[in-house]
Amino acid sequence: MTTYDDRASLTDLTAVVERVRGSVEDVIEGKPEVVRLSLTVLLAEGHLLIEDVPGVGKTMLAKALARSIDCSVQRIQFTPDLLPSDITGVSIWDQQRRDFEFKPGAIFAQVVIGDEINRASPKTQSALLESMEERQVTIDGTTYELPSPFMVVATQNPVEMEGTYPLPEAQRDRFMARVSVGYPSAEAELQMLDVHGGVSPLEDLQPVAHAHEILKLIEAVRAVHVAEPVRRYVVELVAATRTHPELRLGASPRATLHLLRAAKASAALNGREYALPDDVQALAVAVLAHRLLPTAQAQLNRRTAEQVVQEILQRTPVPAAAPQQNGIGAGRGGPGYGQQPPRRL
């Protein structure tokens, strides 16, 4: 059992995260909110889907995040002829030993970059399902544990439909969040010309955090307190997607868990030991929208899943803060959400 003394403090978390954030932002200019969401997903033990048009830095963001952490990294270029065994590994007959020897695939890394994931066939895409959910791989009846921390960062282009296979619902549901990098501002693009014009900044990027530090930070995020009104708020938001008239598929219970974990990571990044409804609201679109399927009528009306989530946020009542008793209970300046049970050492 991990004790409180074994976990990193919020001060340690902030220091490490700032180093990683600065390292990534040296490569990805003008996108601090995208970098922050990537770090939130990492500390919440999730997987990230980066979806945007070609050439905006999707793969560079994934590489910069991976190289900023001193851990094992594997990159998979998804193509139509990619086989599931290329991802998971294969057992090969050893003539000398007269026995099968397992050759691990690219999935056996702490950070796995899946470039253009929707270019592979559904059969190959499904090779990621077990590893992303259970952090293990089963081959020929034998189960192999994956290293920790473990994160899949996948990219895809939404506009190139020819020769692609859209991710099925089960695959999208395993990604904690989806982010779009977007075009840079004129100032950021001008700075990019100065920085990237000669040599790629990835070549000089050095790790600024170790894998064991990330594991301690993950333990610290797990300890973030979430009051019952905030937990109920998360459940109500997700439940609203299942009954919305413009959605034919709402968010799953896995989405509820992912939203809660992401909110805890966001609170920790803000230096708080407790989550607020603001943390939930800030992440609801990124965590929920890619799992939802609009109805045909909603698509005809050009209504997107992101717009539906925003509407649900506006309609769902925000829980009121618990009243303070004798000025006690706010918890480090929190408005009543920070009341925590005693920690068990």
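Everything below is about the structure printed above this text.
Residues numbered from 1 in each chain as written. Predicted model: local features only at pLDDT ≥ 70, side-chain atom pairs only at ≥ 80, totals over all residues. Heavy atoms only, no water.

Student: It is not clear to me how the layout of surface pockets should be interpreted in this structure. Could you clarify?
Tutor: The gaps of empty space that remain are located by a probe, the size of a water molecule, rolled over the atoms. Of the volumes computed, that of the largest pocket is approximately 620 Å³. E51, R172, R178, L292 and L293 are the residues nearest the centre of the largest pocket, which is lined by 27 residues in total. Listed by contribution, the elements that provide at least two residues to the lining of the largest pocket are β1 (48-51), α7 (169-172), β13 (293-294) and α14 (305-315). Tallied by class, the residues present in the lining of the largest pocket amount to 11 nonpolar, seven polar and nine charged. (1 Å grid on protein atoms, 1.4 Å probe; cavity = no way out; pocket = protein on both sides within 12 Å on 5 of 7 lines; lining within 4 Å. Points joined across faces, edges and corners; volume = space filled by probe spheres on them. Helix = DSSP H or I, 4+ residues; strand = E, 2+ residues; numbered from the N terminus. Nonpolar A, V, L, I, M, F, W, Y, C, P; charged D, E, K, R; others polar.)

Student: What exactly am I supposed to notice about the pairing of strand β7 (residues 136-139) here?
Tutor: Bridging between β7 and strand β8 (residues 142-145) involves four bridges; their strand directions are antiparallel. Following the sheet pairing, Q136 is matched in β8 by E145. Hairpin connection between β7 and β8: a loop of two residues separates the two successive antiparallel strands, and D140 in this loop has a positive phi of roughly 55°. (Pairing = 2+ DSSP bridges.)

Student: When you look at the nonpolar core in this model, what are you seeing that I'm missing?
Tutor: Side chains of nonpolar character tend, in soluble globular proteins, to be buried together. Ranked by size, the top nonpolar core spans 75 residues in total, and within it L13 and L288 carry the most contacts. Counting residues per element, this core draws most heavily on helix α11 (residues 253-269), which supplies eight residues. Residues contacting L13, with those up to four places away along its chain left out, are L43, L217, A220, V221, A268 and L269. Listed in part, the 23 residues of the second largest apolar core include F102, A120, L128 and L146. (Core = buried A, V, L, I, M, F, W, Y, C linked by side-chain atoms within 4.5 Å. Buried < 20%, exposed > 50% of the residue type's maximum accessible area, 1.4 Å probe, protein only. Contact = heavy atoms within 4.5 Å.)

Student: Quick question: what am I supposed to make of empty space enclosed by the protein here?
Tutor: A complete count under the given rule lists three cavities of 30 Å³ or more for this structure. Roughly 40 Å³ of internal volume is contained in the second largest cavity. Lining of the second largest cavity is provided by V16, V17, V20, L39, L42, L43, I69, I214 and L217. Those elements that place two or more of their residues in the lining of the second largest cavity are α1 (10-25), α2 (32-43) and α9 (211-222).

Student: For this particular structure, what's the right way to read the sheet that holds strand β9 (residues 151-156)?
Tutor: By definition, the strands of a sheet pair up through backbone hydrogen bonds, in either a parallel or an antiparallel sense. Here five strands make up an open sheet; going across it, the order is β3-β6-β9-β1-β10 and the pairing parallel. Of all the strands in the sheet, just β3 (73-77) and β10 (177-179) have a single pairing partner and so form its edges. On average, adjacent strands in this sheet sit at an angle of 20° to one another, irrespective of strand direction. Two elements, strand β6 (residues 111-115) and β9, share four bridges in a ladder whose sense is parallel. Counted as the bridge partner of V111 is M151 from β9. (Axes fitted to C-alpha atoms, helices over the stretch in contact; angles between N-to-C directions.)

Student: How should I be thinking about the pattern of salt bridges in this particular structure?
Tutor: Between side chains of opposite charge, a pair can form as their charged atoms come close. All told, the structure shown has 17 salt bridges when counted by the stated rule. The closest approach of N and O atoms between D115 and R75, which form a salt bridge, is 2.5 Å. Highlighted residues: D115 in strand β6 and R75 in strand β3, separated in sequence by 40 residues. Looking at D115, the relative accessible area reads 7%, which means it is buried. Residue classification places R75 among the partly exposed residues on the basis of a relative accessible area of 39%. The partner of R178 in a salt bridge is E306, and the shortest N-O contact between them spans 2.4 Å. Of this pair, R178 sits in strand β10 while E306 sits in helix α14, and the two are 128 residues apart along the sequence. Ionic contacts of the salt-bridge type, sharing partners, join the residues E133, D173, R254 and R291 into one network. (Salt bridge = Lys/Arg side-chain N within 4 Å of Asp/Glu carboxyl O.)

Student: Even after reading the chapter, I still don't get helix α10 (residues 228-243), so can you show me in this structure?
Tutor: Given 3.6 residues to a turn, an α-helix orients residues that are three or four positions apart in the same direction. Counted at 1.5 Å a residue, the expected span for α10 with its 16 residues is 22 Å, and the 23 Å between its end C-alpha atoms agrees. Residues V230, Y233, V234, L237, V238 and T241 constitute the buried set of α10. The arc that holds the buried residues of α10, viewed along the axis, is 125°, so those residues lie on one side. Where the residues of α10 are buried, they touch β12 (247-249), α11, α12 (277-288) and α14. (Expected span 1.5 Å × (residues − 1). Arc of directions from axis to C-beta.)

Student: Which parts of the structure should I look at to understand the environment of Q314?
Tutor: Looking at the secondary structure, you find Q314 in helix α14. The exposure class assigned to Q314 is exposed, which follows from its relative accessible area of 69%. Considered as a pair, Q314 and Q281 are 33 residues apart in the sequence and their alpha carbons are 9.8 Å apart.

Student: Sorry, what's going on with the packing of α10 against α12 here?
Tutor: A packed helix pair is summarised by two numbers, namely the angle formed by the two axes and the spacing between the axes. Orientation of α10 relative to α12, taken along the N-to-C sense of each, is 30°, at an axis distance of 11 Å. It follows that α10 is roughly parallel to α12 by the angle criterion. For the element pair α10 and α12, the recorded crossing hand is right-handed. Contacts between α10 and α12 pair V230, Y233, V234, L237 and V238 from the former with P277, V280, Q281 and L288 from the latter. In the contact of α10 with α12, the residues fall into eight nonpolar, one polar and no charged. (Parallel < 35°, antiparallel > 145°, perpendicular 65-115°, else oblique. Left-handed = near helix turned anticlockwise from the far one by under 90°.)

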